[in-house]
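Residues per chain, in single letters:
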Amino acid sequence: LAYVTLNINAVSSNVTVSHILVDNMDVKTASGDVTIELPEATAFTLTHETKRGGNPTVDFPVTQEGNTYVSGTDGIKINVTTNSGKVVVTSSKTK
């Protein structure tokens, strides 16, 4: 089985990831919003680090512990690091 990782590094721009299913997703921005759209019922663990962006908006049922948000089990590992900007994880059903 292939192990697939998506790495995105941006300096000053918004990042949108839509309907890409991978094992790991690593998104880093200096400034700009990050939007991740996943198919309905996708399991994931989101770890979020920001200096000025606040808490992420997550349109999935999740449990939260610190800066980690978990929906389902054994899902995609998503790491988002931003200096400033909003982070949104949305379901394709909400569109």
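Structure first, text after, so check above.
Notes on the structure in this doc start here. All values reported here derive from a predicted model rather than from experimental measurement.

1. Re the pattern of salt bridges
Pairing of side chains with opposite charge becomes possible as their charged atoms draw close. One pass over the full model with this rule turns up one salt bridge. Taking the shortest distance from any N to any O, the salt bridge between Asp 26 and Lys 28 comes out at 4.0 Å.

2. Examining the nonpolar core
Formed by 19 residues in total, the largest nonpolar core has its most connected members in Ile 36, Leu 38, Phe 44, Leu 46, Ile 78, Val 80 and Val 89. Among the secondary structure elements, those contributing two or more residues to this core are strand 2 (15-18), strand 3 (24-31), strand 4 (34-38), strand 5 (44-50), strand 9 (76-84) and strand 10 (87-91). Among residues more than four places away in sequence, those in contact with Phe 44 are Leu 38, Val 58, Phe 60, Val 62, Tyr 69, Val 70, Ser 71, Gly 75, Ile 76, Ile 78 and Val 89.

3. Describing the pairing of strand 2
Burial of the side chains of strand 2 is restricted to one face: Val 15 and Val 17 are buried, whereas none of Thr 16 and Ser 18 on the reverse face is. Judged from the four bridges that link them, strand 2 and strand 4 form a sheet pairing that is parallel. Bridge pairing in strand 4 places Val 15 opposite Val 34.

4. Considerations on the pairing of strand 9
With seven bridges joining them, strand 3 and strand 9 adopt parallel strand pairing. Counterpart to Thr 29 in the pairing with strand 9 is Thr 82. Sheet analysis places strand 5 next to strand 9, joined by seven bridges and oriented parallel. Looking at strand 9, one finds that Leu 46 is bridged to Ile 78.

Conventions and cut-offs
- Residues numbered from 1 in each chain as written.
- Predicted model: local features only at pLDDT ≥ 70, side-chain atom pairs only at ≥ 80, totals over all residues.
- Heavy atoms only, no water.
- Salt bridge = Lys/Arg side-chain N within 4 Å of Asp/Glu carboxyl O.
- Core = buried A, V, L, I, M, F, W, Y, C linked by side-chain atoms within 4.5 Å.
- Buried < 20%, exposed > 50% of the residue type's maximum accessible area, 1.4 Å probe, protein only.
- Helix = DSSP H or I, 4+ residues; strand = E, 2+ residues; numbered from the N terminus.
- Contact = heavy atoms within 4.5 Å.
- Pairing = 2+ DSSP bridges.

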